[in-house]
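Next come the chains, spelled out residue by residue.
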Amino acid sequence: GGKVFAAAVDAHTIHALDADDGRGIWTVTAGARVDSPPTVYKGMAIFGSADGRVYCLRAKDGALVWRFDAAPQRRLVTSFNQLESPWPVPGSVLQRDGHIWFAAGRSSYLDGGIRLFALDAQTGRVEFEKTIFSPDPKTGKTTPETSANQLTGLLNDVPGSDGADVFIRQMNVSSDGVPGKPHLYSTR
């Protein structure tokens, strides 16, 4: 649509710029850091924020279409010298088959784990929800490493897809019981 989108991480803002001359078209401020540009899909700019929310804006003018609270509660911690949720959401989200995939949290070992969601892109309605929590439910202790190269737990990141499944880093998060398989991923 003739626009380029950028995030100003520490300013908590998303900017729409004219693709031809770089002139600012609109700016929207989120509740905390936004670490990467939004995902653009069907006239919407959709992004996560360290405030534990996902925002869907109309790409042409920045008007809010919907906002989703991914954090299980409104709580703040200090990170990078700023206040944010213990369940931050990476800025870029994955659009796959009309659904927006993202995860809230830092690690499957902290604060009750990582909360994974797939939302209907148009409405923000929850289509899929799963919590990835690694401690053993019987003992409350974290499970041991399965090998020297891979932990059983998970750190949050931008989801990726191989066309069939959705992954966060090494873990297949969309299909229960289906192990991870070789795929490319990049940490933020």
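Please refer to the structure placed before this passage.
Since we're looking at a predicted model, the values are computed, not measured.

## Digging into the side chain of arginine 53
Argument step 1. Of note, arginine 53 is situated in strand E6 (residues 53-58).
Argument step 2. Those residues in contact with arginine 53, other than ones at most four positions away along the chain, are Phe47, Gly48, Arg67, Phe68, Asp69, Ala70, Arg74 and Val89.

## A word on the pattern of salt bridges
Argument step 1. Across all of its chains, the model carries 11 salt bridges by this definition.
Argument step 2. Its salt-bridge partner being aspartate 61, residue arginine 58 comes within 2.5 Å of it at the nearest N-O pair.
Argument step 3. Note on aspartate 61: relative accessible area 35%, which makes it partly exposed.
Argument step 4. Residue arginine 115 is joined to glutamate 129 by a salt bridge in which the shortest nitrogen-to-oxygen separation is 3.1 Å. One end of the pair, arginine 115, is in strand E12 (residues 114-120); the other, glutamate 129, is in strand E13 (residues 126-132), and 14 residues separate them in sequence.
Argument step 5. Given the relative accessible area of 16%, arginine 115 is considered buried.
Argument step 6. Within this structure, Asp18, Asp21 and Arg23 form a network of salt bridges that share partners.

## Describing the packing of aromatic side chains
Aromatic ring pairs are described here by two measures, namely the spacing of the ring centres and the angle between the planes.
Argument step 1. Throughout the structure, instances matching the rule amount to 6 aromatic pairs.
Argument step 2. For the pair phenylalanine 47 and tyrosine 55, a centre-to-centre distance of 5.2 Å together with 10 degrees between the ring planes defines the contact as stacked.
Argument step 3. The interplanar angle of 70 degrees and the centroid separation of 5.0 Å between the aromatic rings of phenylalanine 68 and phenylalanine 117 together place this pair among those described as edge-to-face. Here the residue phenylalanine 68 occupies a position in strand E7 (residues 64-69), and phenylalanine 117 occupies one in strand E12, the gap between them amounting to 49 residues. Comparing phenylalanine 68 with phenylalanine 117 shows no difference in burial state: the two are buried.
Argument step 4. These aromatic residues form a ring-pair network of at least three members: Phe68, Phe102 and Phe117.

## Notes on the sheet that holds strand E11 (residues 99-104)
Argument step 1. Reading across the sheet, the 4 strands line up as E10-E11-E12-E13 and stay open at both edges, with antiparallel pairing between neighbours. Taken across any chain shown, the strands that pair with only one partner, and hence form the sheet edges, are strand E10 (94-96) and E13. Adjacent strand axes in the sheet meet at a mean angle of 20 degrees, parallel and antiparallel pairs treated alike.

## Focus on the side chain of threonine 13
Argument step 1. Along the chain, threonine 13 turns up in strand E2 (residues 13-18).
Argument step 2. What makes threonine 13 buried here is its relative accessible area of 7%.
Argument step 3. In this structure threonine 13 touches Ala6, Ala7, Ala8, Thr27, Val28 and Thr29, once residues within four positions along its chain are discounted.

## Considering the nonpolar core
Argument step 1. The biggest cluster of nonpolar side chains holds 18 residues, and the ones touching the most others in it are Ile46, Trp66, Phe68, Ala70 and Phe102.
Argument step 2. Taken together, the elements giving at least two residues each to this core come down to strand E5 (44-48), E6, E7, E11 and E12.
Argument step 3. With 3 residues, the single largest contributor to this core is E11.
Argument step 4. If sequence neighbours within four positions are ignored, tryptophan 66 has contacts with Ile46, Val54, Tyr55, Cys56, Leu119, Asp120, Ala121, Gln122, Thr123 and Gly124.
Argument step 5. Membership of the second largest hydrophobic core comes to 12 residues, among which are Phe5, Trp26, Val28 and Phe47.

## Side note on the sheet that holds strand E1 (residues 3-8)
Argument step 1. Spatially, E1-E2-E3 is the arrangement adopted by the 3 strands of the open sheet, whose pairing is antiparallel. Bordering the open sheet on either side are E1 and strand E3 (24-29), each of which pairs with just one other strand. Averaged over all adjacent pairs, the angle separating strand axes in this sheet is 20 degrees, with direction ignored.

## Describing the pairing of E13
Argument step 1. With 6 bridges joining them, E12 and E13 adopt antiparallel strand pairing. Within E13, the residue paired with leucine 116 across the bridge is lysine 130.
Argument step 2. Between E12 and E13, which pair antiparallel one after the other, the connecting turn spans 5 residues, and glycine 124 there sits at a positive phi close to 80 degrees.

Conventions used here
- Residues numbered from 1 in each chain as written.
- Predicted model: local features only at pLDDT ≥ 70, side-chain atom pairs only at ≥ 80, totals over all residues.
- Heavy atoms only, no water.
- Helix = DSSP H or I, 4+ residues; strand = E, 2+ residues; numbered from the N terminus.
- Contact = heavy atoms within 4.5 Å.
- Salt bridge = Lys/Arg side-chain N within 4 Å of Asp/Glu carboxyl O.
- Buried < 20%, exposed > 50% of the residue type's maximum accessible area, 1.4 Å probe, protein only.
- Phe/Tyr/Trp six-rings, centres within 6.5 Å; stacked < 30°, edge-to-face > 60°.
- Pairing = 2+ DSSP bridges.
- Axes fitted to C-alpha atoms, helices over the stretch in contact; angles between N-to-C directions.
- Core = buried A, V, L, I, M, F, W, Y, C linked by side-chain atoms within 4.5 Å.

The values reported here are purely geometric and, on their own, carry no functional implication.
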